[in-house]
Amino acid sequence: MSTLVIVESPTKARTIRNFLPNDYRVEASMGHVRDLPSSADEIPEQVKGEKWAQLGVNVEADFEPLYVIPKTKQKVVKTLKDALKQADELILATDEDREGESISWHLQEVLKPKVPIKRMVFHEITREAIRDALNNCRTIDYQLVHAQETRRILDRLVGYTLSPLLWKKIASGLSAGRVQSVAVRLLVQRERQRRAFRQGSYWDLKARLVQAKTPFETKLVTLGDRKVATGSDFDESTGQITAGRNVVLLNEEQARALVTQLTGKPWQVAKVEERPTTRKPSPPFTTSTLQQEANRKLRLSARDTMKIAQSLYENGYITYMRTDSVHLSEQALTAARTCVAEMYGKEYLSPKPRQYATKSKGAQEAHEAIRPAGSSFRTPQQTPLSGRELQLYDLIWKRTVASQMADARQTIVAVDLQVENAGFRSSGKRIDFPGFLRAYVEGSDDPDAALEDQEVILPALKVGDRPNCQNIEAVGHETQPPARYTEASLVKTLESEGIGRPSTYASIISTIIDRGYSILKGNALVPTFTAFAVTDLLEKYFPELVDPGFTAKMERTLDEISTGEAAWLPYLQKFYLGETGLETQVKQQESAIDPNQARSVELENLDAKVRIGRYGPYIEADNGDGVVTASIPKDLTPSDLDPEQVQQILKQKTEGPEQLGTDPNTGLPIYIMIGKYGPYVQLGEATEENKKPKRASFPKGVTAENLTLDQAVGLLALPRTLGVHPENGGKIQASLGRFGPYVVCDRGKEEGKEYRSLKAGDDVLSITLPRALELLAEPKKGRSSKTSKAKEPLRELGKHPADDEPVNVYDGPYGPYVKHGKTNASVPEGTTVEDVTLAQAVELLAAKASTSKSKSKSKSSSSKSKTSSTKSKTGTTKKKSTTSTAKKKS
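Keep in mind the model is a prediction, meaning the values are calculated, not measured.

Criteria and thresholds
- Here the residue index of a chain counts from 1 through its sequence in written order.
- Reporting in this predicted model follows two pLDDT cut-offs: at least 70 for local features of residues, and 80 or more for side-chain atom pairs to be given and counted; totals over whole chains, interfaces and linings ignore these cut-offs and use all residues.
- Hydrogens and water are ignored here; the side-chain numbers use all heavy atoms of the structure.
- Under the DSSP-based scheme used, a helix requires at least four consecutive residues in state H or I and a strand at least two consecutive residues in state E, with every element numbered from the N terminus.
- Accessible area is worked out with a 1.4 Å probe on protein chains only. A residue is then buried under 20% of its type maximum, exposed over 50%, and partly exposed in between.
- Contacts between residues were defined by any pair of non-hydrogen atoms, one from each residue, lying within 4.5 Å.
- Strand pairing follows a simple DSSP-based rule, namely that at least 2 bridges must link the two strands.
- As a rule, the C-alpha atoms of each element are fitted with a line to give its axis, helices using only the stretch in contact, and angles between N-to-C directions run from 0 to 180 degrees.
- pLDDT measures how confident the predictor is about each residue, on a scale from 0 to 100.
- An angle below 35 degrees is treated as roughly parallel, one above 145 as roughly antiparallel, one from 65 to 115 as roughly perpendicular, and anything else as oblique.
- Two helices cross in a left-handed way if the nearer one is turned anticlockwise from the farther one by less than a right angle. They cross in a right-handed way if the turn is clockwise.
- Each residue receives one of three labels: charged for Asp, Glu, Lys and Arg, nonpolar for Ala, Val, Leu, Ile, Met, Phe, Trp, Tyr, Cys and Pro, and polar for the others, Gly being one of them.
- Here, a salt bridge means any side-chain nitrogen of Lys or Arg that lies within 4 Å of a carboxyl oxygen of Asp or Glu.
- Buried residues of nine kinds, namely Ala, Val, Leu, Ile, Met, Phe, Trp, Tyr and Cys, make up a nonpolar core once their side-chain atoms join them within 4.5 Å.
- Whether two aromatic rings pair depends on their centres lying within 6.5 Å, for rings of Phe, Tyr and Trp, where Trp uses its six-membered ring; planes under 30 degrees apart make the pair stacked, over 60 edge-to-face, and the rest tilted.
- In this scheme, Lys NZ or Arg CZ marks a charge over a ring once it lies within 6 Å of the ring centre and within 35 degrees of the ring normal.
- N or O atoms closer than or at 3.5 Å make up a polar contact, with two conditions inside protein: a donor-capable atom paired with an acceptor-capable one, and, for residues adjacent in sequence, both atoms drawn from side chains.

Undergrad: Outline the overall build of the protein, listing residues and values.
TA: Summing up its helical and strand segments, the protein has 25 helices and 32 strands in all. When each of the 890 residues of the protein is scored for burial, the buried share is 49%. Across the protein, every contact between residues at least 6 apart in sequence was considered, and the portion connecting residues at least 24 apart equals 67%.

Undergrad: Give a detailed account of the pairing of strand 16 (residues 524–527), specifying residues and quantitative values.
TA: Where burial is concerned, the two faces of strand 16 agree: the one with Ala524 and Val526 and the one with Leu525 and Pro527 are both buried. Alignment of strand 15 (residues 518–521) against strand 16, held across 4 bridges, turns out to be antiparallel. Directly across from leucine 520, in strand 16, lies its bridge partner leucine 525. Connecting strand 15 to the next strand, strand 16, in antiparallel fashion are 2 residues, including glycine 522 with a positive phi near 65°.

Undergrad: Describe in detail the sheet that holds strand 20 (residues 627–631), supporting the description with residues and values.
TA: Read across the open sheet, the 4 strands follow the order 17-18-19-20; overall the sheet is antiparallel. Unpaired on one side and paired on the other, strand 17 (600–601) and strand 20 mark the two borders of the sheet. As judged from the 5 bridges shared by strand 18 (residues 609–613) and strand 19 (residues 616–622), these two strands associate in the antiparallel manner. Of the residues in strand 19, the one forming a bridge with glycine 613 is glycine 616. Of the strands in this sheet, strand 19 and strand 20 are in contact with helix 20 (residues 643–655), which crosses strand 20 at around 105°.

Undergrad: Got a sec to walk through the confidence of the model for the protein? Specific residues and values, please.
TA: Mean pLDDT for the protein: 86, with 90% of residues reaching 70 or above. Every residue in residues 857–890 is under pLDDT 50, and counting partners more than four places away or in other chains gives 41 contacts.

Undergrad: So, the packing of helix 13 (residues 487–497) against helix 14 (residues 505–514): which residues are in play, and what are the values?
TA: Two elements in contact, helix 13 and helix 14, have axes separated by 11 Å at closest approach and are oriented at 125°. It follows from the interaxial angle that helix 13 and helix 14 lie oblique. The way helix 13 lies across helix 14 gives a crossing that is right-handed. Only Tyr505, Ile509 and Ile512 of helix 14 make contact with helix 13, whose side of the interface consists of Glu487, Leu490, Val491, Leu494 and Glu495. When its residues are assigned to classes, the contact of helix 13 with helix 14 shows 6 nonpolar, no polar and 2 charged.

Undergrad: Could you give an account of the pattern of salt bridges, naming the residues involved and the relevant values?
TA: Under the counting rule described, the total for this entry stands at 47 salt bridges. A salt bridge links aspartate 559 to arginine 98; its shortest N-O distance comes to 2.4 Å. Pair noted here: aspartate 559 is in helix 16 (residues 548–563) and arginine 98 is in helix 3 (residues 98–111), with a separation of 461 residues, a long-range link. For aspartate 559, a relative accessible area of 11% puts it in the buried group. Residue classification places arginine 98 among the buried positions, given a relative accessible area of 3%. Note that aspartate 514 and arginine 303 form a salt bridge whose closest N and O atoms lie 3.9 Å from each other.

Undergrad: Give a detailed account of the pairing of strand 13 (residues 422–433), specifying residues and quantitative values.
TA: Two strands pair when backbone bridges link them, and strand 8 (residues 214–223) and strand 13 are joined in this way by 4 bridges, in the antiparallel orientation. In the strand pairing of strand 13, lysine 219 is matched with arginine 425. As paired elements, strand 12 (residues 408–419) and strand 13 share 11 bridges and run antiparallel to each other. Residue pairing in the sheet places aspartate 416 in a bridge with arginine 425 of strand 13. Connecting the antiparallel pair strand 12 and strand 13 is a turn made up of 2 residues, with glutamate 420 showing a positive phi of about 55°.

Undergrad: Which residues make up the nonpolar core, and what values do they have?
TA: Across soluble globular proteins, nonpolar side chains have a tendency to be buried as a group. Counting residues in each nonpolar core, the largest one holds 159 residues, and the members touching the most others are Leu162, Ile170, Ile318, Leu392 and Leu641. Residues Val259, Leu417, Phe424 and Leu461 belong to the second largest nonpolar core, which totals 26 residues.

Undergrad: Can you break down the packing of aromatic side chains residue by residue, with the values?
TA: One pass over the structure, following the stated rule, counts 10 aromatic pairs. Consider the rings of phenylalanine 63 and tyrosine 576, whose centres lie 6.3 Å apart with planes at 80°: the pair is edge-to-face. Here phenylalanine 63 is found in the loop between strand 3 (57–58) and strand 4 (64–65), whereas its partner tyrosine 576 is found in helix 17 (residues 568–576), with 513 residues between them in sequence. A network of ring pairs unites the aromatic residues Tyr344, Tyr348 and Phe433 as a single cluster. In this arrangement the basic side chain of arginine 34 is found over the ring face of tryptophan 105, its NZ or CZ atom lying 5.5 Å from the centre. When the ring centre of tyrosine 160 is taken as reference, the NZ or CZ atom of arginine 156 above it lies at 3.9 Å.

Undergrad: Requested: an account of the sheet that holds strand 2 (residues 24–28), with residues and values cited.
TA: If you walk across this open sheet you meet the 4 strands as 2-1-5-6, and the pairing is parallel. Strands with a single pairing partner mark the edges of an open sheet, and in this sheet they are strand 2 and strand 6 (117–119). If you compare each strand with its neighbour and ignore which way they point, the axes differ by 25° on average. In this structure, strand 5 (residues 89–92) lies alongside strand 6, joined through 3 bridges in parallel fashion. Opposite isoleucine 91, over in strand 6, you have lysine 118 as the bridge partner. Along the sheet, helix 2 (residues 71–85) contacts strand 1 (3–7), strand 2 and strand 5; its crossing angle with strand 2, the most-contacted strand, is approximately 170°.

Undergrad: Which residues make up the environment of threonine 535, and what values do they have?
TA: As for its placement among the helices and strands, threonine 535 is situated in helix 15 (residues 529–541). Separated by 63 residues in sequence, threonine 535 and alanine 598 place their C-alpha atoms 9.9 Å apart. Beyond its immediate sequence surroundings of up to four residues, threonine 535 is in contact with Val184, Arg185, Val188 and Arg192.

Undergrad: A description of the packing of helix 2 against helix 3 should follow, citing residues and the corresponding values.
TA: It is at 11 Å that the axes of helix 2 and helix 3 come closest, and there the two elements cross at 70°. Considered as vectors, helix 2 and helix 3 are oriented roughly perpendicular to each other. Residue-level inspection shows Val77, Leu80, Lys81 and Leu84 of helix 2 in contact with helix 3, the latter providing Leu107, Val110 and Leu111. Taken together, the residues of the contact of helix 2 with helix 3 break down into 6 nonpolar, no polar and 1 charged.

Undergrad: Pulling in residues and values, what's your account of the side chain of serine 311?
TA: As for its position among the elements, serine 311 is in helix 9 (residues 302–314). Serine 311 sits in the buried class, given a relative accessible area of 17%. Only 2.6 Å separates the side chain of serine 311 from the side chain of glutamate 389, close enough to count as a polar contact.

Undergrad: Any details on unusual backbone geometry? Residues and values, ideally.
TA: Note the cis peptide between leucine 718 and proline 719, where omega equals 5°. Inspection of the secondary structure assignment puts proline 719 in the loop between helix 21 (709–716) and strand 25 (720–724). At alanine 212, a position not held by glycine, the phi torsion is positive, near 55°. Following the sequence through the fold, alanine 212 ends up in the loop between strand 7 (201–211) and strand 8. In this structure alanine 212 comes out as exposed when scored by relative accessible area, which is 66%. With a phi angle near 65°, lysine 213 is a residue other than glycine that sits in the positive phi range. Positionally, lysine 213 belongs in the loop between strand 7 and strand 8.

Have a look at this one:
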């Protein structure tokens, strides 16, 4: 008897294969084998004339979905069907969440097996877990399938109904989404708060004292019987002290006068308070908390975190990474407590095993938290992992082990001091027993260093002591606007509001960045002007769809469908059809939406209008002689656009650029200009003879106000030739590029170029050859050379059968890809570099080449296609096909 086991990815297949009997064959489905059509090309001919075909859901026939097998999955399906012919039994071993349940159902529907079927689920890939799952197989859970299918249909209805409206009213290429649009609105609301923010300033005093040869610091908190103002006393919308606050607001002059007044005066301890506290460890990771902590500590995006975690799971290092649960199994509790006892000592164990309550309502995915796999936890040093995989595993290991450690015991110390009528306070913290802090401290990568940072030791002080004051200084402060969302804080907010599922947050954040609704500045998510325009439209005409409460209620309903508490069909009918359904709303509102208004972004305290155009956002203003328009630089965000910047941008458009001076070498004027990507300097004017005058962007930290003529001349002279590399003879230059200043060693066409970014303290205009050689000698990090010849492949697969040219696997900014000649094709998600075969690579490249040709052909005959499409849409409705749509089984 032979058994076919189907999982999602080749990596998972390879790992599981080690734990199954020899007569078990394991194949990978490469994710979903079918889905709703993603383009008109995928719609079957027999239903192309149906008015619902583009939507992919027949809303008039109980929301029957149109499922198709994409071209990229047809070979996979054939392989699975061929394998099934040789099997006596089929085991569907996809992931244990809703998505995995759905993949298993789709496989069953596509393969139509005539042999017995079992559904095998597990939350870790170890020998014990796989054997146990094999002995406890079940059937497909159709309630989970219905919940996932309802979510998929719901997302398609929202996206495919609202997105075309955005194309008509704002700009082509925009998209709306059930969760995506709410996330974008959160970013926009925060940016509105930042724009409305008014900065306030205040001063206080800081003193350095000494008691028994031990120095410590103290801060002014009161004057007389009144509290000294701090940042929390300010109204963010006015920049003034909040009404009703009885505080003393010091300005610089008053603060410095107070320094003079108190210098040399005696100090006395007025009060000492010690308060013992305990601190409990955090629960083990869920999907969302792992994404948050990896973003904070490792600067990983949610997408990268999930990709790395997926690899760790499939290779047997951690348990399933899509989970809302903080529960640990008895096996995990034993393993974690053994680690604590062996590595830190029994005194660091919690008195009894800790179990944590899952706070997230509707948590139903996996039954256990993310933890190291197995009945005994391998320490990070005991694994062969490296790089980011090692970092993430280390994070998971520490968090899990720390969850079973003793509480940290601390003493909080507060000391009040008096000098004349001024009251000062010193705060300290003493760690009496570190407990779990020995293994894991939130927000730091180095537990030992973090442990030291936890303590603020004050000298032994008692009431009446008179410490000596070494110095007093006045310190100025300015209130700060609300912080922008980072990926970590956005994930935290989405989860706390009950919006979406943690397993989808990575794709949501990636989508809002890819679609141009947000850009990353450092670690912050900054909404664009387009995000403002789309949010304004949705808030005004479809407020429910961007209301967090409404979206959270939808999520709860989907959870109820998964448990059988709610029916999926009535819910879809109510949401989409009828007088208040989405379809009706869009039809009613479309005529009411004025495109000119929809393309406008309303920003308070700004006379000029901001509009969304074909080539991006621009300013529109009337200067008395007519309407003037000017593009807004890409790095300028809505919260940062002020009247002064508007005037500068418009002035350049109407009066021409500002002349900084004259270039001593050419005698040409040097202009300061503002372009699409920000400010730059230009040598001379654009003429018929010189259509592209030389330009240079401003380096980081340089503004139009502080740029000197010498700096401008130097920037326009870039690249600077520094000399020749003493070892390889390559020409070394310094220049400024898209990603900042750099040095490059050019060894010619054969050898390619080697780049290194300059570091803090290096100046592109003055860097020397010896310093450039130092940088070039360092190991390369980040981006690879732009020249493909200088880029080393991750794997050489062999020669392409068509022309004997090499087919290689390379590492790119969006993951690994295969390359043949000038054609690149991404390696499918879930497939590792080691799993890629030459045959698979050739297939991927062929599909990519075919897609490229189709797009080119489509562009060249766009008018013909539009005419044909119009005819198709207005043609006679054909009888519904029963072969290309799926019937759900219950």
